[in-house]
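Descriptive structure summary
So the chains spell out like this:
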Amino acid sequence: MALLELTHVQKSYSDSQNKRVLQDISLTINQGDYVAIMGESGAGKTTLLNIMATLDNPIEGSIKLNGVETTDLSDGKKAVFRRENLGFIFQSFDLLDIFNNRDNIYLPLVLTKAPKAEMDSRLNELAPRLGIQELLDKYPSQISGGQRQRVTAARALITQPALILADEPTGALDSKTAQEMLSIFQDVNAAGQTIVMVTHSSLSASYAKKTLFIKDGRIQTALDRGEMTQEEYLSAISNQLTELTKVGE
Ligand SMILES: Nc1ncnc2c1ncn2[C@@H]1O[C@H](COP(=O)(O)OP(=O)(O)OP(=O)(O)O)[C@@H](O)[C@H]1O
């Protein structure tokens, strides 16, 4: 079933001489997909993710999430829609320093008036997996960037959203913690949640089921993992990235 459908999406920013940052993006993400988005710096990956997230509007095109045309929603409705359908692991969507980490993680559930016992039981399951038990009573300003990233992941995962959107989720993590985060993503994906992840890391992308390569605001190519082992997929992704940088040289 199509969870997210982008049709002929175009984007330019008014302060960049109307250069098309996204040229003509059409893609479908089905329920249960795990999609990595790769491409060089400035290719348009974060812009695309922000548009999928309803945090930014395209200048042309349609975005349907769960069958709802999100470009037509008012800002208030978009906020409710995001809360009900999406989980964000974005650096720009940082934790609030007025709350400790536990309350930051609970916040999206508090907004949906979830019972406290339910919040506790979900956090008790997530916290050890993300290695954040010791951090829950601290405040975001008291922990490192990588630790904040893990707390942010808990905040995104605790609502069990239909679609998890992640921008460089392993960027600030050491390799062991990065592997942990990716294995959690694999588990939640196996349990039916859909993930879209922007990454510069071929290794991170090799955990996904499909990788989209963006160049100059267009999807240049897509690579399905299919029956490949993770090692074979990693090598295919690395080769594709090399090809991508060659084109137009
Ligand atoms: N708010 C903005 N206003 C003006 N131009 C922007 C804005 N955000 C991004 N851009 C421009 O749009 C283009 C695509 O940026 P985007 O951040 O989407 O790329 P990216 O592929 O995510 O890059 P990176 O890997 O470096 O994060 C770049 O040329 C960038 O300078």
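Details of the structure are given in the entry above.
Computed from a predicted structure; not experimentally measured.

Concerning the overall build of the protein chain
Scanning the protein chain from N- to C-terminus turns up eight helices and 10 strands. Taken over the C-alpha trace, the protein chain has a radius of gyration of 18 Å; the compact-globule value for 249 residues is 18 Å, and the two agree within 12%. Projected onto the principal axes, the alpha-carbon positions of the protein chain cover approximately 55 × 45 × 35 Å. Within the protein chain, the fraction of its 249 residues that count as buried is 48%. Restricting the contact set of the protein chain to residue pairs at least 6 apart, pairs at least 24 apart contribute 68%. For the protein chain, the accessible surface area stands at approximately 11,800 Å², while carbon and sulfur atoms represent 47% of it.

Focus: the sheet that holds strand S2 (residues 20-30)
Read across the sheet, four strands follow the order S2-S1-S4-S5 without closing on themselves; strand pairing throughout is antiparallel. Since the sheet does not close on itself, it has two edges, and those belong to S2 and strand S5 (68-69), each with one partner. Inspection of the sheet shows strand S1 (residues 2-12) paired to S2 by seven bridges, in the antiparallel sense. Residue pairing in the sheet places Lys-11 in a bridge with Leu-22 of S2. Its contacts with the sheet place helix H1 (residues 45-52) against S1, S2 and strand S4 (60-65), and it is angled at close to 55 degrees to S2.

Thoughts on the pairing of S4
Note that S1 and S4 share five bridges and pair antiparallel. The partner of Leu-6 across the bridge, within S4, is Ile-63. In this sheet, S5 lies alongside S4 in antiparallel orientation, the contact comprising two bridges. Each residue of the ladder has a partner; that of Leu-65, found in S5, is Val-68. Count of turn residues in the S4/S5 antiparallel hairpin: two residues, of which Asn-66 carries a positive phi of about 55 degrees.

Remarks on helix H2 (residues 75-85)
What H2 keeps buried is the set Lys-78, Phe-81, Arg-82 and Asn-85. Considered in projection along H2, the buried side chains sweep an arc of 100 degrees and stay on one side of the axis. Elements in contact with the buried residues of H2: S4, S5, strand S6 (86-89) and strand S7 (163-167).

Here's the deal with the sheet that holds strand S9 (residues 210-215)
Pairing is mixed across the open sheet formed by six strands, whose spatial order is S6-S7-S8-S3-S9-S10. Only two strands of the sheet have a single neighbouring strand rather than two, namely S6 and strand S10 (218-224). Between one strand and the next, the sheet's axes are offset by a mean angle of 15 degrees, whatever the strand orientation. Judged from the four bridges that link them, strand S3 (residues 34-38) and S9 form a sheet pairing that is parallel. Counterpart to Ala-36 in the pairing with S9 is Thr-211. Taken strand by strand, H1 contacts S3, S7, strand S8 (194-198) and S9, and its axis lies near 155 degrees from that of S7. Where helix H5 (residues 145-157) meets the sheet, it contacts S6 and S7, and its direction lies at approximately 175 degrees from that of S6.

Some points on the environment of Phe-90
Assignment of secondary structure puts Phe-90 in the loop between S6 and helix H3 (101-111). The exposure class assigned to Phe-90 is buried, which follows from its relative accessible area of 5%. When the C-alpha positions of Phe-90 and Val-198 are compared, they lie 10.0 Å apart, and in sequence the two are 108 residues distant. Ignoring sequence-local partners within four residues, the contact set of Phe-90 consists of Leu-49, Asn-50, Ala-53, Leu-55, Thr-152, Leu-165, Ala-166 and Asp-167.

Describing the site of the ligand
Around the ligand sit 13 residues in total, of which Ser-41, Gly-42, Lys-45, Thr-46 and Thr-47 are the nearest. In the environment of the ligand, an oxygen atom lies 2.8 Å from a nitrogen or oxygen atom belonging to the backbone of Gly-42. Coverage of the ligand by the protein chains reaches 63% of its 630 Å² of free accessible surface. Because more than half of its atoms lie within 2 Å of the grid, the ligand is assigned to the second largest pocket. Residue composition of the shell around the ligand, by class: three nonpolar, six polar and four charged.

With respect to the nonpolar core
In terms of nonpolar packing, the biggest core is built from 44 residues, with Tyr-34, Ile-105, Leu-130, Ile-132, Phe-185 and Met-197 touching the most fellow members. Those elements that place two or more of their residues in this core are S3, H3, helix H4 (116-130), H5, S7, helix H6 (175-190), S8 and helix H8 (230-246). Once residues within four sequence positions are removed from consideration, Tyr-34 is found in contact with Leu-182, Phe-185, Gln-186, Asn-189, Ile-195, Met-197, Tyr-207, Ala-208, Lys-209 and Lys-210. Core analysis: the next-biggest nonpolar cluster, separate from the first, contains 29 residues, Val-9, Leu-65, Phe-88 and Val-196 among them.

Cut-offs and rules
Residues numbered from 1 in each chain as written. Predicted model: local features only at pLDDT ≥ 70, side-chain atom pairs only at ≥ 80, totals over all residues. Heavy atoms only, no water. Helix = DSSP H or I, 4+ residues; strand = E, 2+ residues; numbered from the N terminus. Rg over C-alpha atoms; globule rule 2.2 N^0.38 Å. Buried < 20%, exposed > 50% of the residue type's maximum accessible area, 1.4 Å probe, protein only. Contact = heavy atoms within 4.5 Å. Areas by Shrake-Rupley, 256 points an atom, 1.4 Å probe, with all protein chains shown as cover. Pairing = 2+ DSSP bridges. Axes fitted to C-alpha atoms, helices over the stretch in contact; angles between N-to-C directions. Arc of directions from axis to C-beta. Near = heavy atom within 4 Å. Polar contact = N/O pair within 3.5 Å; in protein donor to acceptor, adjacent residues only side chain to side chain. 1 Å grid on protein atoms, 1.4 Å probe; cavity = no way out; pocket = protein on both sides within 12 Å on 5 of 7 lines; lining within 4 Å. Sits in = over half its atoms within 2 Å of the grid points. Nonpolar A, V, L, I, M, F, W, Y, C, P; charged D, E, K, R; others polar. Core = buried A, V, L, I, M, F, W, Y, C linked by side-chain atoms within 4.5 Å.

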